[in-house]
Amino acid sequence: MSKFSFKQYAPFAILMIVAIFALFIPLLPNFDEGKYSGPDIAFILIAAALVFLMTPGLAFFYGGMVHRKNVLSTMIKSVVAAGVITVLWTVVGFSLAFGDTIGGFIGNPSTFLFFKGVNSGAPHLQGGADLTIPLSLFAVFQLMFAIITPGLVVGAVAERIRFTSYILFIVLFAVFVYSPLAHWTWHPQGFLLKMGVLDFAGGTVVHISAGMAALAGALVLKRRKSHLEHKEVPPANIPYVLIGTGLLWFGWFGFNAGSALSAGSLAVSAFLTTNTAAGAAGLSWMFFDVARGKKPSVLGFCIGAVVGLVAITPGAGFVSISSSIFIGAIAAVISNLVVSWKQKTSLDDTLDVFPCHGVGGIVGMLLTGVFATKTVNAAGADGLFYGNPEFFVTQLKGAVIVIIFSFVVSFVIFKLVNLINPIRVSDEEEEMGLDASQHDEKYSQGTLLVEERAIYIEKNSPLTEPIS
């Protein structure tokens, strides 16, 4: 028998303890006296499903760009968040993000502990206006955002982070970074919202937080061997990247339009700005590459489109459709330049999460401060372009606060995780590939196997005829 290891059994034991505790949460009936809107419920149910689809989309997007020996390990790190965050959100995450406020900084963890009272809860959050959808549906919609956010960080630490350590990172990040930011930004009593900061669908909560955590993770884990040796890592499967981009783009309609929380004109406007910014950004990245002497590439368009989706997220319901063209085009150029700068440094952000999500989110927040207009959303504010520099300054302050908070807390989390369990795989495991060393599995792509067999036969066969 193998020797008992606390670290080996701890995850399973914790899950079983949580499952047993869940049995003792009192059951309450659904609470609906005809106060909800059927069309709004149908719309947000679909939007939540679309946002969930972004998580496997992200897995394809990232999985296609890493080395073939790390495809599965990269993809599962995005998808496993669906399990970890779902349980954590039900137990305490939703309470921390949207429970009764404690000073505008965090929710009371006992408000919705184990989703207590969510089904029968009042149709509003503390101090907020009534929702037209059940509180339980709002909780599920917000869950989908919480799932994908730590998955974004994977791209920065891919090909060298230990799987068990990453699971622990997800838990700590969700509790100490994501939930506080969601409370600050989206809870009616959150201090950033009270300050006047506007973030329609997650420029701060999702993208800046993930981008800064990615930067912290890259610094803590340091450089891969291939990066130190300046070896080029060929993408494992560019069609995967294309599929992932399509799924992300499709899901983002739920991400942004769904954040209107009702099936109305605001959702339509957010849908259109989302699509327009993504298209403009994909073209901008690709054409900017061509202007710099490169060839138009599939990866270039895909990465650019995602940057556009990131940049429009904070302002999707606050800016005009025409402004979204400018936001997407400029964000793509800025992120492209930051990627080029990063390649000249020793920073090993494997899949450029910081330049694309972090910088893209920052640009989006600031440009929301420039182009927001009450003509689109009466609940918003006019931006700098419409003669209101105060709102731009407010957005700038909010972005700076989130940048500092996300980076510092994420850096501490990575360091803490490393003390509890080594965060980086050994040199031998890295050389073997994380698919084999972390999961005892292997990514097999048929065309590559055929190609390798053909090369092997050509080198070793005495026959001189070409292989059919």
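Counting restarts for each chain, with residues numbered from 1 along the sequence as it is written. Predicted model: local features are reported for residues with pLDDT of at least 70 only, side-chain atom pairs are reported and counted for 80 or more only, and whole-chain, interface and lining totals are derived from all residues. Values shown for side chains rest on all heavy atoms present in the structure; no hydrogens or waters enter the calculation.

- An unreviewed UniProt entry annotates the protein as Ammonium transporter of Pedobacter kyonggii.
- UniProt positions are given in the numbering used here, feature names are shortened, and annotations may be inferred rather than shown by experiment. The record in UniProt for the protein states the following under Sequence similarities (unreviewed entry): "Belongs to the ammonia transporter channel (TC 1.A.11.2) family."

Overview of the overall build of the protein
Next, step 1: Of regular secondary structure, the protein possesses 18 helices and two strands.
Next, step 2: Taking 2.2 N^0.38 as the reference for a compact globule, 468 residues should give roughly 23 Å; the C-alpha atoms of the protein span a radius of gyration of 23 Å, in line with that estimate.
Next, step 3: Taking the principal axes of its C-alpha atoms as reference, the protein extends roughly 80 × 65 × 40 Å.
Next, step 4: Residue exposure (1.4 Å probe, protein chains only): buried if accessible area is under 20% of the type maximum, exposed if over 50%, otherwise partly exposed. Residues counted as buried form 54% of the 468 residues belonging to the protein.
Next, step 5: Across the protein, every contact between residues at least 6 apart in sequence was considered, and the portion connecting residues at least 24 apart equals 78%.
Next, step 6: Only the protein chains shown count as cover for residues, and all accessible areas are computed by the Shrake-Rupley method using a 1.4 Å probe. With the model as given, the accessible surface of the protein reaches about 20,300 Å², and the carbon-plus-sulfur share is 69%.
Next, step 7: Counted as positive: Lys and Arg. Counted as negative: Asp and Glu, with His and the chain ends omitted from the count. Each charge is placed at NZ for Lys, CZ for Arg, CG for Asp and CD for Glu. Between the centroid of the 27 positive side chains of the protein and the centroid of its 27 negative side chains there is a distance of 7 Å. Helix and strand labels come from DSSP, where a helix needs a run of H or I of at least four residues and a strand needs a run of E of at least two; each type is numbered from the N terminus. For this measure, only C-alpha atoms enter the radius of gyration; the expected value for a globule follows 2.2 Å times N^0.38, where N is the number of residues. We call two residues contacting when some pair of their heavy atoms lies within 4.5 Å.

Some thoughts on the layout of surface pockets
Next, step 1: Using protein atoms alone on a 1 Å grid, points that fit a 1.4 Å probe yet trap it form a cavity, whereas open point sets bounded by protein on both sides within 12 Å along at least five of seven lines form a pocket; residues with an atom within 4 Å of a point count as lining. Grid points are joined across faces, edges and corners, and a volume is the space filled by probe spheres set on the points. Taken as a whole, the largest pocket spans an internal volume of roughly 1,000 Å³.
Next, step 2: Lining of the largest pocket is provided by 31 residues; of these, Glu232, Val233, Gln343, Thr350 and Asp352 occupy positions nearest its centre.
Next, step 3: For the lining of the largest pocket, the elements supplying multiple residues, two or more each, are helix H9 (225-228), helix H11 (265-291), helix H12 (298-312) and helix H13 (321-342).
Next, step 4: Broken down by element, the lining of the largest pocket gets its largest block of residues, four residues, from H13.
Next, step 5: All residues other than Ala, Val, Leu, Ile, Met, Phe, Trp, Tyr, Cys, Pro, Asp, Glu, Lys and Arg, Gly among them, are scored as polar; the first ten of these are nonpolar and the last four charged. Looking at the lining of the largest pocket residue by residue, the classes come out as nine nonpolar, 10 polar and 12 charged.

What to know about helix H14 (residues 353-371)
Next, step 1: Taking 1.5 Å of rise per residue, the 19 residues of H14 would be expected to cover 27 Å, and the 25 Å separating its terminal C-alpha atoms lies within 8% of that figure.
Next, step 2: Among the 19 residues that make up H14, 18 are buried, leaving the element largely enclosed by the rest of the structure. In this analysis, the expected span of each helix is defined as 1.5 Å times one less than the number of residues it contains.

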